[in-house]
Amino acid sequence: MNKMTVRDIDVTGKRVLVRVDFNLPIDIKTGAITDDSRIRAVLPTLKYLIERKAKIILLSHFDRPKGKVIEGMRLAPVGKRLTEILHKPVATANDCIGPEVEKAVAALQAGDILLLENLRFHPEEENDDEGFARALASLGDVYVNDAFGSAHRAHASISGIPHYLPAVAGLLMEKEINTLGGLLENPAHPFTALFGGAKVSDKVAMLKNIMNKVDSLLVGGGMAAIFLKAKSYNIGASEIEPDIITIAIELIKRADKNHVNILLPVDVLVSEKVDGSTVGQVVAVNAIPSDQIIVDIGPKTVDVFQKELKKSKTVFWNGTMGIAEIPQFAKGTQALAKLLSRLKAKTIVGGGSTAETIAALGLADKMTFVSTGGGASLEFLGGEELPGVVALHDKI
Ligand code: 3PG
Ligand code: MG
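Quick notes on the rules
- Residues numbered from 1 in each chain as written.
- Chains lettered and ligands numbered in written order.
- Predicted model: local features only at pLDDT ≥ 70, side-chain atom pairs only at ≥ 80, totals over all residues.
- Heavy atoms only, no water.
- Pairing = 2+ DSSP bridges.
- Helix = DSSP H or I, 4+ residues; strand = E, 2+ residues; numbered from the N terminus.
- Axes fitted to C-alpha atoms, helices over the stretch in contact; angles between N-to-C directions.
- Near = heavy atom within 4 Å.
- Polar contact = N/O pair within 3.5 Å; in protein donor to acceptor, adjacent residues only side chain to side chain.
- Areas by Shrake-Rupley, 256 points an atom, 1.4 Å probe, with all protein chains shown as cover.
- Nonpolar A, V, L, I, M, F, W, Y, C, P; charged D, E, K, R; others polar.
- Core = buried A, V, L, I, M, F, W, Y, C linked by side-chain atoms within 4.5 Å.
- Buried < 20%, exposed > 50% of the residue type's maximum accessible area, 1.4 Å probe, protein only.
- Contact = heavy atoms within 4.5 Å.
- Parallel < 35°, antiparallel > 145°, perpendicular 65-115°, else oblique.
- Left-handed = near helix turned anticlockwise from the far one by under 90°.

In this section: the sheet that holds strand E11 (residues 281-284). Taken together, the 3 strands give an open sheet; going across it, the order is E11-E10-E12, and neighbouring strands pair in antiparallel fashion. Because the sheet does not close on itself, it has two edges, and the strands there are E11 and strand E12 (293-297). Ignoring which end each strand starts from, the neighbouring axes of this sheet average 45° apart. Sheet topology places strand E10 (residues 267-271) next to E12; 4 bridges connect them, and they run antiparallel. Along E12, the bridge assignment pairs Val270 with Ile294.

Here it is as structure tokens:
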């Protein structure tokens, strides 16, 4: 990475504004945090700063409150979890700018941590408002961006603050960029990409960009329905995005041209409903009943994918193989997660629901790297420049 990092600047005794991505998944019914990986991922940066006696001010958004204070979207529960993980008190604030916050910042001692309130309670955050960025910047002496998961957003706390403060990458940001960048630059071959998930439109840029790097592309999940349809299979009642078939046909042509071996499911689990009230049935891909929806890959497909994955030296995985939040439709995803955890290959997982599934299975430590970025990792692998990275100081 050609950007300066927190290691390149003096932080001792300084007020360090650290942008983190504590937009954690929560249980919609109870509000409980279901995956704290994004907290654990910034611990190296936090520990680095604590050891050097910085005064740490954490900035984050949470969910999409759309510029208003929403009680259920306060960051206090996240602060509590951070306190438990760090074994160190983390103070929280009721806002992210203003006199109260200034007072709390002024009271910070070396090594203290203050987590400011959800940035998105202010509409100015998402509008990349100059005045708001300046107000945030006035709270610190230097700025560290460790929020890889938000680096694709040109928001005040991401691309605005660097106009007013020395701005460098945190250790997570550095690791994400170097690891995902390594996939595009010099992957060990055979390089296999395993793609799933519901939406293809979000992933087209990544698919195109990765197409001339990979040797094989294994397709499951909702994405498989699209590719099967593009190959004229009957996909039953599976819903697909409008106009996506033309794109899929183009991607298949591109794969052919680049000698990329695309493997589609040979069997799938289908169900009439997707609410979890049914168990579904396994059918061959040429025998999908017209009233049934594809909800997972089948066991024969798991075998086919397994053979390919076992030959690989690099594996990149993004997107679940079925409706993984429903246990009976999660078998394909779980089988491949377990397989990946045992491979000798370099295994890199794109964020979002794939990362959550892996964390829930307790397999995150068995992968080479699990990205904390969902949308950000897709845009980065799609070859796009991320505003949060562009804004940081270049290495000199
Ligand atoms: C994410 O989880 O995708 C990031 O935190 C960014 O959030 P957003 O998609 O609401 O901008
Ligand atoms: Mg998102």
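After presenting the structure, the write-up continues.
The environment of ligand 1 is made up of Asp21, Asn23, Arg38, His61, Arg64, Arg120, Gly149, Ser150 and Arg153. Contact distances for ligand 1 include 2.6 Å between an oxygen atom and a side-chain N or O atom of Arg64. For ligand 1, an oxygen atom lies 2.8 Å from a polar atom in the side chain of Arg120. Across the complex, the protein chains shield 84% of the 310 Å² of accessible surface that ligand 1 would expose by itself. Taken together, the residues of the shell around ligand 1 break down into no nonpolar, 4 polar and 5 charged.

Attention now moves to the nonpolar core. In terms of nonpolar packing, the biggest core is built from 72 residues, with Leu116, Phe195 and Phe316 touching the most fellow members. Ranked by the residues each element gives to this core, the list is headed by helix H10 (residues 221-230), at 7 residues. Setting aside residues up to four positions removed in sequence, Phe195 forms contacts with Met206, Leu207, Ile210, Leu217, Leu218, Val219, Gly220, Met223, Phe316, Asn318, Gly319 and Met321.

Turning to unusual backbone geometry, a few remarks are in order. In this model, His189 is joined to Pro190 through a cis peptide bond whose omega is 0°. If you trace the backbone, Pro190 turns up in the loop between helix H8 (171-185) and strand E7 (191-195). The phi dihedral of Asp63 is positive, around 60°, even though this residue is not glycine. Here Asp63 shows up in the loop between strand E2 (55-59) and helix H3 (76-86). Judged by relative accessible area, which is 32%, Asp63 ranks as partly exposed. Positioned with a positive phi, His259 is a non-glycine residue whose angle comes to about 55°. As for its position among the elements, His259 is in the loop between helix H11 (244-257) and strand E9 (261-263). Residue class for His259 comes out exposed when judged on its relative accessible area of 71%.

Let's shift gears to the packing of helix H12 (residues 299-310) against helix H13 (residues 331-342). When two helices pack together, their arrangement is captured by the angle between the axes and the distance separating the axes. Where H12 meets H13, the closest approach of the two axes is 11 Å, and the angle between their N-to-C directions is 20°. Overall, the two elements H12 and H13 adopt an arrangement that is roughly parallel. As for how H12 packs across H13, the hand of that crossing is right-handed. Packed against H12, whose contacting residues are Val302, Phe305, Gln306, Leu309 and Lys310, the element H13 presents Gly332, Ala335, Leu336, Leu339 and Leu340 at the interface.

Let's shift gears to the packing of H10 against H11. Relative orientation of the contacting elements H10 and H11 amounts to 80°, with a least axis distance of 9 Å. On the basis of their axis angle, the class for H10 and H11 is roughly perpendicular. Contacts from Ile226, Phe227, Lys229 and Ala230 of H10 reach H11 at Ile244, Ile245, Ala248, Ile249, Leu251 and Ile252.

Quick look at helix H2 (residues 43-51) now. For an α-helix the count is 3.6 residues per turn, leaving residues at separations of three or four pointing the same way. Buried within H2 are the following residues: Leu43, Thr45, Leu46, Tyr48 and Leu49. On its buried face, H2 sits against strand E1 (15-19), helix H1 (37-40), E2, H3, strand E5 (142-145) and H8. Note on H2: the residue one or two positions beyond its end, Lys53, has a positive phi of about 55°.

Let us now look at the sheet that holds strand E3 (residues 91-92). The strand order across the open sheet formed by 6 strands is E3-E4-E2-E1-E5-E6, and the pairing between neighbours is parallel. The sheet is open, and its two edges are formed by E3 and strand E6 (167-169), each paired on a single side. One ladder, built from 3 bridges, connects E5 with E6; its direction is parallel. When the bridges of E6 are listed, Asn145 appears paired with Ala169. Along the sheet, H2 contacts E1, E2, strand E4 (113-115) and E5; its crossing angle with E2, the most-contacted strand, is approximately 155°.

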